[in-house]
Amino acid sequence: VNFEIDENSRLRIFDAFLVKYDAATGQKRLPLHNDQSEYSLTIAMNPMEEYEGGGTYFCDTNESIKTEVGGVISFEGDLLHAGTMITKGTRYIIVCFIYEEQIC
């Protein structure tokens, strides 16, 4: 996503947190949903060799995207998406919710 903001605005991270997907004992996926933000980011925190499956699924394109460590996926918060199921290992991502804020 290209964050197009005007000169009287700035982007502000409203919330950010670590998500753990665990194929053996924990949360394996996240169902389809919309975020309550203008923009959302996911940041990969561990190598893809440590898990199988996973990624961020987008209904509009019918594809699941995942990145290597430090890779960022950005999208508009109202876009319908899901956390794809992991089948082996543990996957960590940081999720950020971003809003545009007017400045004086």
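Before any of the text, the structure's been laid out above.
Criteria and cut-off values
- Residues numbered from 1 in each chain as written.
- Predicted model: local features only at pLDDT ≥ 70, side-chain atom pairs only at ≥ 80, totals over all residues.
- Heavy atoms only, no water.
- Helix = DSSP H or I, 4+ residues; strand = E, 2+ residues; numbered from the N terminus.
- Contact = heavy atoms within 4.5 Å.
- Areas by Shrake-Rupley, 256 points an atom, 1.4 Å probe, with all protein chains shown as cover.
- Lys, Arg positive; Asp, Glu negative; His and termini not counted.
- Charge placed at Lys NZ, Arg CZ, Asp CG, Glu CD.
- Phe/Tyr/Trp six-rings, centres within 6.5 Å; stacked < 30°, edge-to-face > 60°.
- Buried < 20%, exposed > 50% of the residue type's maximum accessible area, 1.4 Å probe, protein only.
- Salt bridge = Lys/Arg side-chain N within 4 Å of Asp/Glu carboxyl O.
- Pairing = 2+ DSSP bridges.

## Notes on the overall build of the protein
Next up, step 1: Each helix and strand counted, the protein has 0 helices and 9 strands in total.
Next up, step 2: Its helices and strands taken in sequence order, the protein reads β-β-β-β-β-β-β-β-β from the N to the C terminus.
Next up, step 3: Oriented by its inertia axes, the alpha-carbon framework of the protein measures out at about 50 × 25 × 20 Å.
Next up, step 4: When contacts within the protein are restricted to residue pairs at least 6 apart in sequence, those whose partners lie at least 24 apart make up 80%.
Next up, step 5: Carbon and sulfur atoms provide 54% of the accessible area of the protein, an area that totals close to 6,300 Å².
Next up, step 6: In the protein, the 8 positive side-chain charges and the 17 negative ones have mean positions that sit 12 Å from each other.

## Structural notes on the packing of aromatic side chains
Next up, step 1: On inspection of all chains with the given rule, the structure shows 3 aromatic pairs.
Next up, step 2: Centre to centre, the rings of Phe58 and Phe75 are 5.1 Å apart; their planes meet at 75 degrees, and the pair counts as edge-to-face. With Phe58 in strand β5 (residues 56–58) and Phe75 in strand β7 (residues 72–76), this residue pair connects regions lying 17 residues apart in the sequence. For the pair Phe58 and Phe75, one class covers both residues: buried.

## Things to note about the pattern of salt bridges
Two side chains of opposite charge can pair, provided their charged atoms sit close to one another.
Next up, step 1: Using the criterion set out here, one finds 4 salt bridges in the structure.
Next up, step 2: For the salt bridge of Glu101 with Arg12, the shortest nitrogen-to-oxygen distance reads 2.8 Å. You can see Glu101 sitting in strand β9 (residues 86–102) and its partner Arg12 sitting in strand β1 (residues 9–22), a full 89 residues away along the chain.
Next up, step 3: We classify Glu101 as partly exposed; its relative accessible area is 23%.
Next up, step 4: Overall, Arg12 belongs to the partly exposed group, its relative accessible area being 43%.
Next up, step 5: Here Glu52 ties to Lys88 by a salt bridge, and the two come within 4.0 Å at their closest N and O atoms. Of the two residues, Glu52 is situated in strand β4 (residues 51–53) and Lys88 in strand β9; the sequence distance between them amounts to 36 residues.
Next up, step 6: Its relative accessible area of 42% is what places Glu52 among the partly exposed residues.
Next up, step 7: When salt bridges that share partners are traced, they join Arg10, Arg12 and Glu101 into one network.

## Concerning the pairing of strand β3 (residues 39–44)
Next up, step 1: Judged by how many residues are buried, β3 sits mostly within the fold: 5 of 6 residues are covered.
Next up, step 2: As defined by bridge partners, β3 adjoins β7 across 5 bridges and the pair is classed as antiparallel. What sits directly across from Ile43, in β7, is Val72.
Next up, step 3: Looking at chain direction, β3 and β9 are connected through 6 bridges and run antiparallel. Residue pairing in the sheet places Thr42 in a bridge with Val95 of β9.

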